[in-house]
Amino acid sequence: MRIGVAGLGRMGSAIAQRLIEVGHEVVVWNRSAEKTQPLAERGATVATSPKDLAERAELIITLLTDAAAIERVFDGGEGLLAGSVTGRLFVEMSTVQPSTEQALAQRVAAKGATLLECPVGGTVGPALSGKLLGFAGGAQADFDRAKPVLDQLCRRVELMGPIGAGSSMKLAINLPLAVFWQSFGEAYALCRHLGRDPAWMVELFAETSGAPNVLRARGSAVAKALQSQDSGSATFDCDSIRKDLRTMVAEAQALGFSLPLAQQTLTVFDQASQAGWGGRDCTELPAYWSTKRSS
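Here the structure is a predicted model, which is why all the values come from computation and not from measurement.

(A) Molecular detail of the overall build of the protein chain. Counting its regular elements, the protein chain contains 13 helices and nine strands. Here the protein chain has a C-alpha radius of gyration of 20 Å; the compact-globule value for 295 residues is 19 Å, and the two agree. When the backbone C-alpha atoms are referred to their principal axes, the protein chain occupies close to 65 × 45 × 30 Å. Split into buried and exposed, the 295 residues of the protein chain put 52% on the buried side. Here the analysis covers contacts within the protein chain between residues at least 6 apart in sequence; of these, 65% occur between residues at least 24 apart. Within the structure as shown, the protein chain displays about 13,300 Å² of accessible surface, and the carbon and sulfur contribution to it stands at 51%. The positive charge centre, built from 29 side chains, and the negative charge centre, built from 30, are 3 Å apart in the protein chain.

What follows is the structure in structure tokens.
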């Protein structure tokens, strides 16, 4: 299948690479053109604009920063919807509020195309190996049409309900993870003075009932960060978590309630970003709080 991928951040690039490796013809576009080069070297075709990409592909996957980016890439004279897209299937994977996907679905339908939202859980490693988690929202027929491709990207993909349901689930899934990084930083601050080897300490925490899967999977990176060592390139950085937390808080407000824990975690991550940690990986964030002193 000829598949277009618009938005080549860490995840978009990894998904495009995975699609090339499993045998698809892949067309890519990114606002910063230099990010297309590594994929072009692997065989991808580089589109000149979102419009060009949509007209070249049968199925178009988008992974964009936020609602404003979705509007810029889909709309306008060179946007994905600017040309002839009748019959195209758009699979929108950004982490945004459900209302953003619902409004987009209407604009896509007006052009004779269809939209399936499918934000995914996981980072670059799972994306490259086809082990993401997919949370789809849309019509059953559109889900069935996209599923052969989604199965190549995800170890599990579920249709959560109509458009908007996938986004609701993705925000819910990301909230405990975001809060965990802060809670682990606070927990480590309580025992750091014992002087035990950080790798041993992380391994012990991973054995407890409060440990999530991510600590078992990425414990070595966390331990390196706690020792001020390089834990590797960022896969899900502080600023990305902040964006997701802001989206969660806004969605809760739209539904008529608050998220006090998420709001407080956002406040702390804002402090970390202001202190220069915005581009650092989530596994490094416990090191920020566990070494921070009250002013």
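So, next bit.
(B) Seen up close, the side chain of Asp 237. By the element assignment, Asp 237 lies in the loop between helix H10 (213–226) and helix H11 (238–255). Excluding residues that lie within four positions of it along the chain, Asp 237 makes contacts with Arg 10, Gly 278, Gly 279, Arg 280, Asp 281 and Cys 282.

(C) Just the pattern of salt bridges, in detail. Summed over all chains, the structure comprises 12 salt bridges. Arg 107 serves as the salt-bridge partner of Asp 75, at 3.2 Å between the closest nitrogen and oxygen. With Asp 75 in the loop between helix H4 (67–74) and strand S5 (89–92) and Arg 107 in helix H5 (residues 98–110), the pair connects residues that are 32 residues apart, well separated along the chain. You can call Arg 107 partly exposed: its relative accessible area is 28%. Between Asp 239 and Arg 242 there is a salt bridge; the shortest N-O distance is 2.7 Å. Taken together, the positions of Asp 239 and Arg 242, both in helix H11 and three residues apart, correspond to about one turn of that helix. Classification of Arg 242 as buried rests on a relative accessible area of 17%. Residues participating in the shared-partner salt-bridge network are Asp 239, Arg 242 and Asp 270.

(D) Seen up close, the environment of Gly 7. Within the secondary structure layout, Gly 7 lies in the loop between strand S1 (2–6) and helix H1 (10–21). We classify Gly 7 as buried; its relative accessible area is 6%. On a C-alpha basis, the gap between Gly 7 and Pro 38 in space is 14 Å, while along the polypeptide they are 31 residues apart. Dropping the residues within four chain positions of it, Gly 7 is found in contact with Gly 12, Trp 29, Asn 30, Leu 63 and Leu 64.

(E) Structural view of the packing of aromatic side chains. One pass over the full model with this rule turns up six aromatic pairs. The cationic tip of Arg 196 hangs over the ring face of Trp 200; the distance from NZ or CZ to the ring centre is 3.9 Å. For Arg 280, the ring lying beneath its charged end belongs to Trp 277, and the centroid distance is 3.7 Å.

(F) Just the packing of helix H8 (residues 165–191) against helix H9 (residues 198–206), in detail. Following both chains from N to C, one finds H8 and H9 inclined at 120°, their axes separated by 12 Å at the closest point. Between H8 and H9, the interaxial angle falls into the category oblique. Helix-helix and strand crossings are classified by hand; for H8 and H9 the assignment is right-handed. Contacts from Phe 184, Ala 187, Tyr 188 and Cys 191 in H8 reach Pro 198, Met 201, Val 202 and Phe 205 in H9. Split into classes, the residues belonging to the contact of H8 with H9 amount to eight nonpolar, no polar and no charged.

(G) Up close: the nonpolar core. The biggest cluster of nonpolar side chains holds 35 residues, and the ones touching the most others in it are Trp 181, Leu 215, Ile 241, Leu 245 and Phe 269. Listing elements by their share of this core, those giving two or more residues are H8, H9, H10, H11, helix H12 (260–277) and helix H13 (285–291). It is H8 that contributes the most residues to this core, nine residues altogether. If we skip the residues at most four places from it in the chain, Phe 269 touches Ala 178, Trp 181, Gln 182, Cys 238, Ile 241, Arg 242, Leu 245 and Leu 285. In this structure, Ala 16, Val 26, Ala 44 and Ala 127 belong to the second largest nonpolar core, which totals 33 residues.

(H) Examining H5 more closely. The terminal C-alpha atoms of H5, which comprises 13 residues, lie 19 Å apart, in line with the 18 Å expected from a rise of 1.5 Å per residue. Among the residues making up H5, those that are buried are Pro 98, Thr 100, Glu 101, Leu 104, Ala 105 and Val 108. Around the axis of H5, the buried residues are gathered within 145° of arc, so they sit on the same side. Projecting away from the buried face of H5 at angles above 90 degrees are the exposed residues Gln 106 and Ala 110. Taken together, the buried residues of H5 touch H4, S5, strand S6 (114–117), H8 and H11. Immediately downstream of H5, the backbone of Gly 112 shows phi near 80°, a positive value.

Analysis parameters
Residues numbered from 1 in each chain as written. Predicted model: local features only at pLDDT ≥ 70, side-chain atom pairs only at ≥ 80, totals over all residues. Heavy atoms only, no water. Helix = DSSP H or I, 4+ residues; strand = E, 2+ residues; numbered from the N terminus. Rg over C-alpha atoms; globule rule 2.2 N^0.38 Å. Buried < 20%, exposed > 50% of the residue type's maximum accessible area, 1.4 Å probe, protein only. Contact = heavy atoms within 4.5 Å. Areas by Shrake-Rupley, 256 points an atom, 1.4 Å probe, with all protein chains shown as cover. Lys, Arg positive; Asp, Glu negative; His and termini not counted. Charge placed at Lys NZ, Arg CZ, Asp CG, Glu CD. Salt bridge = Lys/Arg side-chain N within 4 Å of Asp/Glu carboxyl O. Phe/Tyr/Trp six-rings, centres within 6.5 Å; stacked < 30°, edge-to-face > 60°. Lys NZ or Arg CZ within 6 Å of the ring centre and 35° of its normal. Axes fitted to C-alpha atoms, helices over the stretch in contact; angles between N-to-C directions. Parallel < 35°, antiparallel > 145°, perpendicular 65-115°, else oblique. Left-handed = near helix turned anticlockwise from the far one by under 90°. Nonpolar A, V, L, I, M, F, W, Y, C, P; charged D, E, K, R; others polar. Core = buried A, V, L, I, M, F, W, Y, C linked by side-chain atoms within 4.5 Å. Expected span 1.5 Å × (residues − 1). Arc of directions from axis to C-beta.

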